[in-house]
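Spelled out, the chains give:
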Amino acid sequence: MVKVITYGTYDLFHEGHYRLLKRAKELGDYLIVGVTTETYDKARGKLGVVDPLMTRIENVRKTGFADEIIIEESQGQKFSDIKKYGIDIFTVGSDWTGAFDYLKDYCKVVYLERTRDISSTMLREQKRHIQRIGIIGTGRIAERFVPEAKLVSGVSTQGVYNPHKESAERFAERWQINAYDDKEEFYENIDVAYIASPHETHYGYIKEALEHGKHVICEKPLVLEKRQAEEVFALAKERGLILFEAIKTAYCPGFQKLLGIACSGMIGSIRNVEACFTKLENPESRELTDEVYGGSFLEMGSYVMLPVFKLFGAEYEKIEFDVIRGENGLDLFTKASLRFPTGIATATCGLGVKSEGRLLISGTKGYIVAEPPWWKTTYFEVHYEDAGRVDKYSETFLGDGLRYELSDFLVLLNQEEKNAFKLTRGESIALAEVMEEFVRREKQGA
Ligand code: CTP
């Protein structure tokens, strides 16, 4: 008996998939089809898959060509499957020619000609209107955004707005997009505004974009006052638009896994959270010279407050800030200490003092520790009273990670799944409240 194996995502099942499976079956007597999980697809950079795994499996089953269907969960599985199932022929479409030659030592590798003019990507794009994104601001984060956006199907970066025409033009030239210094023209040509301008301008731009009927993705901190946050979320709701705060950690797969484990009861009840993130910044940088809106906490506070609010909720009883200031009065290092009904937390960040950037979550049965860069979580450990027992977890984090927030934004927009739980409105409003409280106390204290 000749055993054949093939793999694919089989999203929005189409004729190309059908013809591939038919010819794969004809290569032998028994066909095994591996269907990829969503997590594996995300890990290999295939974002925006529409059909859930069960639908994709069902569609493969309905063709009648598969004698057995398995799930492909990780890199390296193909090799072990070939051994495990005693495979004679491995086959995939010709878009993969050469990619699997390394399996030739173990079985025959056949690349079947791909069916022309059809692909899941094409269908996904037809199904959804491609969201044209316009960037406001041309700083470092905007530079990272453009290449990340290229990897997410369903969006295209249309252009960039900067009131300083030259900055917009330089940025646009680099990324081959349009430059706008006329706001009306900018808004006419986009569906989504990505706001990556200085903190204090967020509020004005968010309102303006929403009033022009555009969805908004805004860099953290969303706004610097609770009242402003409530107002912009109410405006978005009234207009039926999405307002999405971009804290990349919130959407990172490893951080999601860590939260899941923390909340699963494995470490008992959570009693203490300590989050620290420091990044030494050039003393001449905007972050360390803008005397009104610079400083560590406004820049980095969202990252360190995020796990605290995620694990204890946003209703704190008390908050205190301990600050080390530079000569110009800006905070070089800030420790926020919070008390909640069920535990305590510290959120520490710094641009002028270096420390160990660690996330520690202590519970009644054990603790979780994620080493730096936990804000792009790829690895964490769970420890118990028995020091000999350590559970280790890892997860992929690709590139700059903005692709994850962008694909979650699209999911929300297309309303396939309501997963605003990764960062809720209530959490964004509470983060704005903490920023406001910090600024108020700094003004009193400085
Ligand atoms: N395939 C094919 N002809 C097509 C599309 C896909 O022969 N027009 C084959 C692929 O080469 C692969 C299998 O079908 O062996 C499953 O491919 P998959 O990646 O799920 O489909 P695509 O349409 O290529 O998906 P995407 O656009 O998301 O990459």
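Scroll up a little and you will see the structure.
Not measured: the values here are computed from a predicted model.

Caption draft 1: Broad picture of the sheet that holds strand β11 (residues 243–246). Read from one edge to the other, the open sheet built from six strands follows the order β8-β7-β6-β9-β10-β11, with strand pairing classed as parallel. A single partner strand is all that each edge strand has here, and the edge strands are β8 (178–180) and β11. Neighbouring strand axes in the sheet, compared pairwise and without regard to direction, differ in orientation by 25 degrees on average. As defined by bridge partners, strand β6 (residues 131–136) adjoins strand β7 (residues 155–161) across six bridges and the pair is classed as parallel. Residue pairing for β7: Gly134 is matched across the bridge by Gly159. Of the strands in this sheet, β6, β7 and β8 are in contact with helix α7 (residues 165–175), which crosses β8 at around 170 degrees.

Caption draft 2: Quick look at the sheet that holds strand β13 (residues 318–325). The eight strands lie next to each other as β13-β14-β15-β12-β16-β17-β18-β19, forming an open sheet whose pairing is mixed. Two strands in the sheet have a free side with no partner beyond their single neighbour: β13 and β19 (390–394). Going from strand to strand, the sheet's axes swing by 10 degrees on average, the running direction of each strand aside. In this sheet, β19 lies alongside strand β18 (residues 379–384) in antiparallel orientation, the contact comprising five bridges. Residue Tyr379 lies in a different strand from β19, and its bridge partner there is Ser394.

Caption draft 3: Spotlight on the site of the ligand. Neighbouring the ligand are 19 residues; Asp95, Thr115, Ile118, Ser120 and Thr121 lie closest to it. Here Asp95 contributes a side-chain N or O atom positioned 2.6 Å from an oxygen atom of the ligand. Between the ligand and Ser120 there is a distance of 2.7 Å, counted from an oxygen atom to a backbone nitrogen or oxygen. Protein chains shield 93% of the accessible area of the ligand, which is 580 Å² for the free molecule. Comparing atom positions with the cavity grids shows the ligand to sit within the largest pocket. Residue composition of the shell around the ligand, by class: five nonpolar, ten polar and four charged.

Caption draft 4: Region of interest: the environment of Leu311. Considering the arrangement of structural elements, one finds Leu311 in helix α14 (residues 296–312). Residues Leu311 and Arg124 lie 187 residues apart in sequence; the distance between their C-alpha atoms is 35 Å.

Caption draft 5: Representation of the environment of Leu359 within the structure. Tracing the sequence through the fold places Leu359 in strand β16 (residues 359–363). The exposure class of Leu359 is buried, given its relative accessible area of 1%. Taking the C-alpha atoms as reference, Leu359 lies 9.9 Å from Val308; in sequence the two are 51 residues apart. The contact partners of Leu359, leaving out residues within four places of it in the chain, are Phe255, Leu258, Val273, Glu274, Ala275, Pro307, Ile368, Val369, Ala370 and Trp374.

Scoring rules and cut-offs
Residues numbered from 1 in each chain as written. Predicted model: local features only at pLDDT ≥ 70, side-chain atom pairs only at ≥ 80, totals over all residues. Heavy atoms only, no water. Pairing = 2+ DSSP bridges. Helix = DSSP H or I, 4+ residues; strand = E, 2+ residues; numbered from the N terminus. Axes fitted to C-alpha atoms, helices over the stretch in contact; angles between N-to-C directions. Contact = heavy atoms within 4.5 Å. Near = heavy atom within 4 Å. Polar contact = N/O pair within 3.5 Å; in protein donor to acceptor, adjacent residues only side chain to side chain. Areas by Shrake-Rupley, 256 points an atom, 1.4 Å probe, with all protein chains shown as cover. 1 Å grid on protein atoms, 1.4 Å probe; cavity = no way out; pocket = protein on both sides within 12 Å on 5 of 7 lines; lining within 4 Å. Sits in = over half its atoms within 2 Å of the grid points. Nonpolar A, V, L, I, M, F, W, Y, C, P; charged D, E, K, R; others polar. Buried < 20%, exposed > 50% of the residue type's maximum accessible area, 1.4 Å probe, protein only.

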